[in-house]
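# Chain and residue survey
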Amino acid sequence: MKPYGIAVPGFVISAKTAAGYLRRTAAFLLSPARFSMESCAVLSDIESRIVSAGFLTWDQVEQIEEEATA
């Protein structure tokens, strides 16, 4: 059984909101002013939770991350 939603810091994410949430979060954490090993670790944890919940695939996550940093 796949979860209906998952909790990440400050948000509850569902299959409908996962892509938008990830896009905003990646843009924020990977911006030049905030980019660090710690921000990458936080983003990686969030991505893993979203993929584990079955809301997105790793291919979709990679595409969203590329769009967010373009």
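Residues numbered from 1 in each chain as written. Predicted model: local features only at pLDDT ≥ 70, side-chain atom pairs only at ≥ 80, totals over all residues. Heavy atoms only, no water.

Another point: helix α2 (residues 37-52). Here α2 spans 22 Å end to end across 16 residues, near enough to the 22 Å set by a 1.5 Å rise per residue. The complete set of buried residues in α2 reads S39, L43, I46, E47, I50 and V51. Down the axis of α2, the buried side of the element spans an arc of 135°, and every buried residue falls inside it. Summarising the geometry of α2, the exposed residues directed more than 90 degrees from the buried face are M37, E38 and S52. Two residues or fewer after α2 comes G54, characterised by a positive phi angle close to 85°. (Helix = DSSP H or I, 4+ residues; strand = E, 2+ residues; numbered from the N terminus. Expected span 1.5 Å × (residues − 1). Buried < 20%, exposed > 50% of the residue type's maximum accessible area, 1.4 Å probe, protein only. Arc of directions from axis to C-beta.)

This next bit is on the pattern of salt bridges. Per the stated rule, a full pass over the model turns up two salt bridges. The shortest N-O distance in the salt bridge between E67 and R23 comes to 3.6 Å. Note that E67 is positioned in helix α3 (residues 58-69) and R23 in helix α1 (residues 18-29), a separation of 44 residues in sequence. A residue is classified by how much of its surface remains accessible, and E67, at 40% relative accessible area, is partly exposed. (Salt bridge = Lys/Arg side-chain N within 4 Å of Asp/Glu carboxyl O.)

This part takes up α3. Three or four residues apart is the spacing at which side chains of an α-helix point the same way, because the helix has 3.6 residues per turn. The terminal C-alpha atoms of α3, which comprises 12 residues, lie 17 Å apart, in line with the 16 Å expected from a rise of 1.5 Å per residue. Among all positions of α3, only V61, I64 and A68 are buried. Projected onto a plane normal to the axis of α3, the buried residues spread over an arc of 65° and lie on a single side. Where the residues of α3 are buried, they touch α1 and α2. (Contact = heavy atoms within 4.5 Å.)

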